[in-house]
Structures are given as C-alpha cells and as structure tokens.
Amino acid sequence: MSDHHNETFISKYIFSLDHKMIAKQFLITGMFMGVVGMLMSILFRLQLSNPGESFAILEWFLGDKWAPGGVLDPNMYLALVTMHGTILIFWVLTAGLTGTFANFLIPLQIGARDMASGFINMLSYWFFFAATVVLLISLFVETGPASAGWTIYPPLSALPQAIPGSGLGQDLWLISMTLFIVSSLLGGLNYIVTILNLRTKGMSMSRLPLTMWALLIVAILGVLSFPVLLSASLLLIFDRSFGTSFYLSDIVIGGEALHHTGGSPILFEHLFWFLGHPEVYIILLPALGIVSEIISVNSRKPIFGYKAMVISLIAIAFLSFIVWGHHMFITGMDPFLGSVFTFTTLLIAIPSAVKVFNYLATLWRASIRFTPAMLFAIGFVSTFITGGLTGLILGDSALDINVHDTYFVVGHFHIVMGLSAIYGMFAGVYHWFPKMYGRMMNKKLGYFHFWVTFISAYGVFFPMHFLGLAGLPRRYYTNSAFPMFDGLSDINEIITFFAILGGVVQLLFIFNFFYSIFKGTKATENPWRSNTLEWTTPIERIHGNWPGKIPSVHRWAYDYSKPGSDKDFIPQTEPLKEGETEH
Amino acid sequence: MTNLLIILIAFLVIATLVQILRVGELLSEVRNLDVNKVTEKDNKTQSFLMGSVGILFLVSCVWQYFSWEHLMLPAASSEHGVTIDKLMAFTMILIIVVFFILHIILFYFLYKYRKGDHNDVAYYYPHNNKLELIWTIAPTIVLTVVILYGLSVWDQITNADTSKSQVIEVYGKQFDWMARYPGEDETLGSYNYKLVQGLNALGVDMQDEASLDDKLTRELHLVVDEPVLLKLRSQDIIHSAFLPHFRVQMNCVPGMSTQFAFTPTKTTSEMKEQEGDSFEYVLLCNKICGAAHYNMQMKVVVETQEEYDNWLSQKNTLSEKLITKK
Ligand code: HEM
Ligand SMILES: [Cu+2]
Ligand SMILES: [Cu+2]
C-alpha cells in the first residue's frame, strides 16, 4: 500500500484513489456549489424585500431575458428558489457534508489504510462531478432551469405547458439527480462495508467514535431511501417523455385535454417523501456525529451517555422511515393515516430531546475551550433546539393545516436542517483542517466568521416564523398581491439585510480556507489534544495513513479528564493501566 | 469598466487581508507564540460573548414577538379554527418555555464552564443511567399529552358530520379560482375533464339533470354559522385552497376530488369592524403552480342567509348560461 511513490499530478489530484484526496474534492465542489446556492438566495431575497424594483446585480447575473430592466421575472424567481433548494439540500449538505467527512474520517477513525474500494470511491466522486456539470448546464438552457420546487411535484414538473422550467431544464435536473443518486449509492455502500469490515484490532463497535456511528447510519439510510427517489424520477421521466400516466390524470392545460387518465400525483408525493424525509436526517445525522465529537474534545469531558447517544441515533434513523406522511397531511390523504403519521412524527422528539439533554450534560462542569469549531458546534446545539421545537407544531396534523407551506415551514427547516447541518459542516472543517492540510485555519477570522454567521442566520430565519403565522405562503414571487400582507415589508427588509450580511461573511470563510491551505501556520500532529485515531497519523498525510503498522485500539474515544491520568486526554491507542476500568 | 473596477477592488481587499494575516503571524513568530492556539484570553472573550450574545438573542426573540404580534392572523373565524387556536396556544407556550429554559442553561454553562485557571480540569462524568431514564421519560409524558390532544382535535376536524352541510365546489386552475353552487336540487352535477371548454370551465356534464341549476361564481360566499363542505378540484396541476382566517387548507389535485368541512362564525362586516375597513377574507393558492402562483386568489365573503340568498339569486344557472349563449 505505501509504495505509491510514482504518482503523477493526475493520479494524485484528479483521479485519486486516496480517500483523503477524494474527501477534499467533495469538500471543494460542495463549497463551490454552496456559493452558487447562496448567491441565488440573495438574488431572490432582493425581489422579496423590494418587489418590482430594479437591481443592476440581477440583470448582471441573469441577463435581460430573466431580469428585464433589472427586475426579476416570476418564472426565474421560481427557478432560483428551486435550484437554491436543490443545490443546498443535495449538493452542499448531502454530498458536500457526508462526502467530505465520510471519506475523510472513516478510514482514519477506524484505523484503516483506505476505503474498502478506492476505485468505487473515486467513481462516487466522478458521478457526483458529472451530476454537478449537468445541473450547472441546466442553468443556461433557453427555457430556464427546473422551476417546480426542489420537491418537483408533478404535474407541474411534468408539463412544460405549465411552466417553462419544466422543459429541458427539468430533464437535465432529472438526469443530474440520477447521476447524483448513483454517486450516493456507490459512496454509501463503500462507507458501510468499510466501517463494518476494516476496523483495526480492538476497535469494537462499542468503541467507535460517534462520528462513525452517525456516518454508518447515514449510509444505511441513503442506501435504503435513494433508490426510491430513483424509481420516482424514472417514472416521472416516463410520464414526461413516453406518454405514460403514473402521476397524471384528467388534465386540461393550455386549452387542451391531455390523454392521461388513472395516474395520481399523490403517488409521486409518497415516493418522493419516502426518500425526502430520511434525506433531511441524511443531512442532519453527520452533523450530529461531528458535533458530538467536537463538543466532547473541547469540553475536555467524555460525551455524556455514549450509549444513549448511539441508541437515539438509531431510533431517529428508524423513525425517519415512517414519518414521511407529515409532508402530506393536507393532500387529501386518509385522515386516519394522518393520525398515524402525527404519532410517529412526534415520537422523534423523544430521541432528539435525549440528545439535547446529553449535550447540555456534557457541557456541565466541563472545561470548555472555545475553538472556532467549538463555537459552531454550540451554534448547532442552539439551532437544533430552536428548530426541533417548531417541529412539534408542523408534525401535529391539526396545527399543520394552517402553517403548511407557509414561511413558518421555511423558518423551521432552515433552522433545524439548514443551519444545523451547515454549522456541523463548518465545525468539521475548522476541526479537521489541520489533518486535511497540515496547517491551521486562522483563529481570529474563524471567531469573526462564527459570530456574524450566528447573528445573521437567526436574523434571517427567526422572523420567518412570524411571516408564516401571518399566513404568508412560501414560493410567492412577491407578497404585494394581497393587502393582508402589506404590514410584512419591514420583516422582509430585515431578513434581506441579514441574508446579505450572512452571505458576505461566508466569503471571509472561503478566504480563510484557501489562505490557510497555502499560508496557514503549521499544525502539530494532534493540535486539539484529541483521543481519536486520526490524530496519531503523521502530519505529512501519506497514502495508507500510517507509515508503520496500523495502531490497535484499547479504549473508547472519550477518556478526557479521566481521574488517575496525568494528561487530560488518553488516546484510544493507549492500553488500559493495571486496575483501570473502561469508562 | 465597472466590472473591471469590481475585480480590482476585490483583488485589493484580498491582498490586504493576506497582508494583515501575514503580519499577525510574523509578529507572533517573533514573540514565539502560536497565533492560532486558543489562549485563556480567547476563552474568556468567547465565553463572555456566548453569555451576552445569547441573552441578546433571547431578548430579540421577545422583542420580535411584541413588535410583530399585531401582524399575526386574527383569531379564527370558524368553529374548528377556535379549537386549533387553543391547541396552537398550548403548543406554543410549551415550546416557548422549553426554548427559553434550554437556551438559558446552554448559555449559562458556556459562560460558567470556560477553561481557565479556576477551571482547568473537567469533571469526568461519562453517564448516569438514572438521569437518562428521567430525561427519556419526561419528554415521553409531555409528548403523550401533545399527541393525544392533537389527535383529538384532528379527529374532530376530519370526521365532522357533513350531512347538513351546504356543498360548494371550489375549482382551481392556472391562475384563478371558481366556485360552483348546486342550486335548488342541492346536488352538484357530475363532470368530466374532457368537457372543459369555453364557458363550461369546470367540465360539468350537462346531460346530468343535476347540473342544470348549478351556478358558477368568481367569489366564494358563505353563510355565517352554517356548516359548509368544500369539494375541491383542479383543472391542470396541484393547487391548494388556503383560507387562513378559517384555518382551512386542502390541496386541489387533478384526477381526484378532495374536501374540507367547516363552519364560518364571523361575517365579513363583523371582521371589518374588528380589523379595519380594508379587511377581506381571501382564498389563496398555497401550492407552487407557476408564474402567477403568488397572485392566484379569490374573494371570500361571509354574510347572513338573507344577503347570501340575494347574491346567489342574481347569478345565472349553468343551463341559462350555456344554453342562451349557444
Ligand atoms: C444565505 C442563506 C439562505 C437564505 C437567505 C435562504 C433563503 C431562502 C428563501 C427565502 C427561500 C424561499 C422560500 C420559498 O419561497 O418557499 C428558500 C428556500 C429553500 N432553501 Fe434556503 N436560504 C438560505 C440557506 C439555505 C440552506 C443552508 C439550506 C439547506 C438546507 C437551504 C435550503 C432551502 C430549501 C430546501 C428551500 C426550498 C426550496 C423550494 O421551495 O423548492 N437554504 N431559502
Ligand atoms: Cu419530513
Ligand atoms: Cu398556486
């Protein structure tokens, strides 16, 4: 393994088989897409706070077809919202987050030289890359990119007569998503096999760091749910292109009665959310894992209730498969089914609450070191609390009647899923950067980045709950068509102000990232004084990870401040002392 | 030219940032310090910030509530809406209390337990089964209450007795709404999407006797305190009939018929007195349906039986409309 000396530029940086390089490829692609997605949100926020006003920047980015005279076109508004959602959910927080940390951490934290199959791993990235290219191309087609929302409900997504984005743009979206799913399945299978089979001597399942548990469960969720989206997409492709009627029935559009009968759009919704709900946990769980690790390391204290943390992860993952109907309470679904989904959905609050209590218990009597990673991990705990609680309203079918599809939902999911996962991702990047690049990220910029992000993110998403409670529907190009919403313009201006502030400060993060890759101060082998195996590898990040034998493991990952030791951390490789008990 | 200028400025900003960082790093190298090591001073500042920004965040939540409360929807104008509002108030109070308690604990711990001289060693406390049992059981009990309460409300709403309800069809298409009233026979005529044409916008089957006296309208009028059953259909893609003031929402799905039963309790004029003269009830579209989704609306009026009868009697029946025009 370790005689990979004659590497060329191409085999090292492009078609690399090394999990660490593949992780960086995912990360950088994810960051790039993050900038694209965020920019889109700022463009459509301008329209929402200043409806009908002209902005040079809109015309500059969208041209005079989609922003004639600098005023955003309504179809383009929907296209931007759709692409923003698609990019952030799938590209940034699924591939960008899991792709980065699963690839980077799995072999390092379980003590393996690489993934089970380096080749499949490489394929996983290149399928993702191809998906990215197709998605980006779709931004430039004549009729515009897909515009039916990231949930692409047919018939809107099936009929180009209904919205221009459902023409070529939607085809490309579906092709891109197919490639994406292939990538995600290849990656997921590899992660599962690697964690189950390649653990080093002594690394029993009960000694796995929580990041590994989270990534294992996420991979299982992905493998079980993405194929369902794939079939849903294939059926949609058939309906669109080959005249079948899986989702279409009794439609008159553009003065023409279509031949489709007997299909049901509700079928699509069921299939979509069978993936879609687990998907939000696919986004959230890696962040939960990362944050558990970072909070423990920087509290210098074992994570409280390791077993409960694992069990609650499993419980959340299991439940996530039987709650999808909470997105469909008002589709005309059988009310009894609605009751069942209310019941299962609200059950998820129990393991989630356990997690929050355990984080708080970990912080209790800790000795907290405030690294930038720790700040973001704390931000995660806060957003997880805030967003989790509003979920109690949305999960309750009776209450959902009036807040469904309003800005209340937009506020809820951005906080609990968007912000939490993004914070988890930032925390992970700040924390593992020294292992990725052998250098440190600048601390002061990190602090600044956190505080501005924390304040502006709440500034954007907290007020949205009030918009929702005022009855404002989401996916509205402007709310000026209803006098009842006239009072909301102040709130909209505040939101846009914080959106721009929050967007700009991310550029500082990107600057810090690239600056530190080349110029950051040199890292030491274990800068955070952490227990997990990755910090026993040399700074020179070699193919195969450890120069000599793979270390074996003698204890769990959380022996911080254990009485009877002279240091405040005991790496997993250190054998138990005589008479010492394992936690 | 402006583009060039923007690029130039961006370049300058980046170059300046690089230089500032370099200077900082070089200075500390001279002093043999590691700039990126977290010092005791950092812990102090950051934990202080955590405490204070944390409190400010909580204060701002309260501020938002008090300054925007008047923008929220007024109390429900329907019978079941009042029950929903009660459930909402109960749930809201619950989550607001938990939100504040957990955040105060969080920010307090962060402020109190920073690493420093006085607190250099954390307390090794890996687990406590009793505690964990307590905080599994406590949320379970609370959630049991929430679930039972929620389901009983849901059951009341969805299993409402509709045998005495006035049936009205609401029909959505890109980008407007129509309503169909059953007329004297109190029965809506059957329909077939292939019949949608010209004035017969809903595809009503005129061979069906029951269709002849049906009436199509562009406004939705309801009688106060009389139960209605909305039957919802769509011509083209999914729309959603959203009547926020009544706490009513239901999707309109092509190929199937959905429904929602409720009883309005306040007339439009009562609401005008309460909320100001410009008040109107509306039905909005709340499912993304294309370019003018944001403006797909229908006026809703709640009135007395008398006003309602008067309004409806002025409308032509379908047979009058379709046959005289032909
Ligand atoms: C700068 C930060 C962000 C801003 C200002 C922002 C703002 C918005 C707004 C205003 C909408 C439109 C709501 C609507 O009309 O329905 C939206 C939609 C959405 N956003 Fe964000 N967002 C941001 C970050 C994120 C993040 C981090 C995620 C990741 C989960 C995300 C995921 C979504 C999704 C899934 C949608 C729904 C798209 C759809 O309706 O099809 N956003 N965002
Ligand atoms: Cu869900
Ligand atoms: Cu609509």
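Each remark here, short or long, concerns the structure printed above.
Residues numbered from 1 in each chain as written. Chains lettered and ligands numbered in written order. Predicted model: local features only at pLDDT ≥ 70, side-chain atom pairs only at ≥ 80, totals over all residues. Heavy atoms only, no water.

## Examining the interface of chain A and chain B
Where the parts come together, the accessible area they lose is often given as the size of the interface.
Next up, step 1: Taken together, the contacts link 132 residues of chain A with 107 residues of chain B.
Next up, step 2: The salt bridge involving Asp405 of chain A is made with Lys287 of chain B; its shortest N-O contact spans 2.8 Å.
Next up, step 3: The interface formed by chain A and chain B includes 31 residue pairs in polar contact (both at pLDDT 80 or more).
Next up, step 4: The class makeup of the residues in the side of chain A that touches chain B is 84 nonpolar, 32 polar and 16 charged. (Contact = heavy atoms within 4.5 Å. Salt bridge = Lys/Arg side-chain N within 4 Å of Asp/Glu carboxyl O. Polar contact = N/O pair within 3.5 Å; in protein donor to acceptor, adjacent residues only side chain to side chain. Nonpolar A, V, L, I, M, F, W, Y, C, P; charged D, E, K, R; others polar.)

## Let's talk about helix 12 (residues 372-394) of chain A
Next up, step 1: Across its 23 residues, helix 12 of chain A extends 33 Å between first and last C-alpha, which sits within 8% of the 33 Å expected from 1.5 Å per residue.
Next up, step 2: With 22 of its 23 residues buried, helix 12 of chain A lies for the most part within the structure. (Helix = DSSP H or I, 4+ residues; strand = E, 2+ residues; numbered from the N terminus. Expected span 1.5 Å × (residues − 1). Buried < 20%, exposed > 50% of the residue type's maximum accessible area, 1.4 Å probe, protein only.)

## Some thoughts on the coordination of the iron atom of ligand 1
All names here are of chain A.
Next up, step 1: Every protein donor of the iron atom of ligand 1 is accounted for by His84 (NE2) and His414 (NE2), and the metal-donor separations fall at 2.0 Å.
Next up, step 2: Geometry at the iron atom of ligand 1 is octahedral, judged from its six donor atoms and the angles of 84 to 179° they form at the metal. Placement of the pair is His84 in helix 4 (residues 74-110) and His414 in helix 14 (residues 407-437), with a sequence separation of 330 residues. Each member of the pair, His84 as well as His414, carries the same accessibility label: buried. (Donors = N, O, S within 2.8 Å, 3.2 Å for Na, K, Ca; no water. Tetrahedral: all angles 85-135°; square planar, octahedral: opposite > 155°, others 65-115°.)

## Thoughts on helix 8 (residues 265-299) of chain A
Residue and element names in this part refer to chain A.
Next up, step 1: Taking 1.5 Å of rise per residue, the 35 residues of helix 8 would be expected to cover 51 Å, and the 50 Å separating its terminal C-alpha atoms lies within 8% of that figure.
Next up, step 2: With 31 of its 35 residues buried, helix 8 lies for the most part within the structure.
Next up, step 3: Sitting at the amino-terminal end of helix 8 is Ser264, which places a side-chain oxygen 3.0 Å from the backbone nitrogen of Ile266.

## Quick look at the packing of helix 2 (residues 19-49) of chain A against helix 5 (residues 118-138) of chain A
All names here are of chain A.
Next up, step 1: One way to put it is that helix 2 packs onto helix 5 with a least axis distance of 10 Å and a crossing angle of 15°. Comparing their axes, helix 5 and helix 2 come out roughly parallel. For the element pair helix 2 and helix 5, the recorded crossing hand is left-handed. Where helix 2 abuts helix 5, its residues His19, Ile22, Gln25, Phe26, Thr29, Phe32 and Met33 lie against Gly118, Asn121, Met122, Ser124, Tyr125, Phe128, Thr132, Leu135 and Leu136.
Next up, step 2: Its residues assigned to classes, the contact of helix 2 with helix 5 comprises nine nonpolar, seven polar and no charged. (Axes fitted to C-alpha atoms, helices over the stretch in contact; angles between N-to-C directions. Parallel < 35°, antiparallel > 145°, perpendicular 65-115°, else oblique. Left-handed = near helix turned anticlockwise from the far one by under 90°.)

## Observations concerning the coordination of the copper ion (ligand 2)
Ideal geometry at a metal gives 109.5 degrees between four tetrahedral donors and either 90 or 180 degrees between six octahedral ones.
All names here are of chain A.
Next up, step 1: Each protein donor to the copper ion (ligand 2) is listed here as His277 (ND1), His326 (NE2) and His327 (NE2); together their distances run 1.5 to 2.0 Å.
Next up, step 2: For the copper ion (ligand 2), the donor residues sit on a single chain with the sequence spacing H-x48-H-H. Here His277 is found in helix 8, whereas its partner His326 is found in the loop between helix 9 (306-319) and helix 10 (335-347), with 49 residues between them in sequence. The two residues His277 and His326 agree in class, both being buried.

## As for the packing of aromatic side chains
All names here are of chain A.
Next up, step 1: On inspection of all chains with the given rule, the structure shows 78 aromatic pairs over all chains.
Next up, step 2: Lying across the ring of Tyr437, Lys24 places its NZ or CZ 4.6 Å from the centre.
Next up, step 3: Over the ring of Phe569 we find Lys567, and its NZ or CZ is 5.3 Å from the ring centre. (Phe/Tyr/Trp six-rings, centres within 6.5 Å; stacked < 30°, edge-to-face > 60°. Lys NZ or Arg CZ within 6 Å of the ring centre and 35° of its normal.)

## Remarks on unusual backbone geometry
Next up, step 1: In this structure, Pro155 of chain A follows Pro154 of chain A across a cis peptide bond, with omega equal to 0°.
Next up, step 2: Cis rather than trans, the peptide bond between Gln174 of chain B and Phe175 of chain B has omega equal to -5°.
Next up, step 3: Looking at the secondary structure, you find Phe175 of chain B in the loop between strand 1 (166-173) and strand 2 (176-181).
Next up, step 4: Look at Ser561 of chain A: it is not a glycine, yet its phi comes out positive at around 55°.
Next up, step 5: Relative to the helices and strands, Ser561 of chain A resides in the segment after helix 16 (489-519).
Next up, step 6: The exposure class of Ser561 of chain A is buried, given its relative accessible area of 7%.
Next up, step 7: In this structure, Glu186 of chain B takes a positive phi of about 55° despite not being glycine.
Next up, step 8: Note on placement: Glu186 of chain B falls in the loop between strand 2 and strand 3 (215-217).
Next up, step 9: Assessed through its relative accessible area of 67%, Glu186 of chain B is described here as exposed.

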